[in-house]
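Residues per chain are reported as follows:
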Amino acid sequence: TEIYTLSLHDALPIWSREHVSIEILVRTIENVSLFETLRGRFDRASRLILEGLELGGEADDVYRKIQELDLLASIERQLGRHDRAAPLRSEALAIARDRRIRMQEGYVLAARARDQLAAGLLDQAETDATEALAIGRELKHVRIVFQALCVQLLVAARRGLRRSAARLIRAVTKLEVRTLRFHD
C-alpha cells in the first residue's frame, strides 16, 4: 500500500489545528518533505516545502528560509527544471547577503555552481565556485571549500584542462577529511 502525502489541512485533525503552533506545523512539513525527497518523490516534497514557506512566512527564521529555498532548488535541479531552481537560489543568496550570513552565502553559491554545471553553464559555474571557495577559505569552512573545489574540478575536466584538474585533485586530497563527516 502506498502512503500518500496529504495537504496540511487534510493531514491534521480539525480538533488539533487550534492547539498546534505554527512552528510545530512548519517543522512537521519540513520532516515530511525531507522524507519525500529521500524516497524520490520530488514533486510532493517541493509542494510541501512551498506550503511550509507560506505557513512560516510570518516567522523571521532566516536560516530556515534559506535552507528551505536551497532544498527546493535542489529538488528542482534533480527534476531537470533548472529554470525553476535559479530564482530560488538567487532568493536564498539575496537573503544570505542581505543578512551577512557568510556561511549560508558560501553554501548557496556552491549549490548554484552545481546547478549551473548541470545546466552546462560552465563559465557561471566557475564564477560561483570561485566565489564560494573564497568564502570557504575566509571562514576556514572545509565543507564549502570541498564543494567549490569539486565544481571547479568538474569544470576543468569538461573543458579538458588536465593540469588544472590535477591541481584541483591535489587541493581536494589535502583537505581534512574527518571534518567533512560532520554536519554544521
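As shown above, the structure is provided for reference.
Residues numbered from 1 in each chain as written. Predicted model: local features only at pLDDT ≥ 70, side-chain atom pairs only at ≥ 80, totals over all residues. Heavy atoms only, no water.

*Asks:* Explanation requested: a positive patch on the surface in the structure shown.
*Replies:* A cluster of basic side chains, namely Arg137, Arg167, Arg170 and Lys174, defines a positive patch on the protein surface. Within the fold, Arg170 resides in helix H10 (residues 162-173). (Patch = residues over 30% accessible without salt bridge, like charges linked within 9 Å, V, L, I, M, F, W, Y side chains within 5 Å. Areas by Shrake-Rupley, 256 points an atom, 1.4 Å probe, with all protein chains shown as cover. Salt bridge = Lys/Arg side-chain N within 4 Å of Asp/Glu carboxyl O. Lys, Arg positive; Asp, Glu negative; His and termini not counted. Charge placed at Lys NZ, Arg CZ, Asp CG, Glu CD. Helix = DSSP H or I, 4+ residues; strand = E, 2+ residues; numbered from the N terminus.)

*Asks:* I would appreciate a short explanation of helix H7 (residues 102-118) in the present structure.
*Replies:* In an α-helix, one full turn covers 3.6 residues, which means residues spaced three or four apart are oriented alike. Between the first and last C-alpha of H7 there are 24 Å, a value that for 17 residues agrees with the 24 Å anticipated at 1.5 Å per step. Across the 17 residues that make up H7, a large majority, 13, are buried. Taken from the residues just after H7, Gly120 is the one with a positive phi, measuring 80 degrees. (Expected span 1.5 Å × (residues − 1). Buried < 20%, exposed > 50% of the residue type's maximum accessible area, 1.4 Å probe, protein only.)

*Asks:* In this structure, what is going on with the nonpolar core? I would like to understand it.
*Replies:* One recurring pattern in soluble globular proteins is that nonpolar side chains are buried together. Core analysis: the biggest nonpolar cluster contains 33 residues, and Ile66, Ala132 and Leu149 have the highest contact counts within it. Counting only elements with at least two residues in this core, the list comes to helix H4 (42-55), helix H5 (62-78), helix H6 (82-98), H7, helix H8 (122-139), helix H9 (142-159) and H10. Filtering out sequence-adjacent residues up to four positions away, Leu149 remains in contact with Leu133, Arg137, Leu168, Ala171, Val172 and Leu175. Listed in part, the 7 residues of the second largest apolar core include Ala113, Leu117, Ala129 and Val155. (Core = buried A, V, L, I, M, F, W, Y, C linked by side-chain atoms within 4.5 Å. Contact = heavy atoms within 4.5 Å.)

Such coordinate-based values are descriptive only and should not be taken to indicate function.
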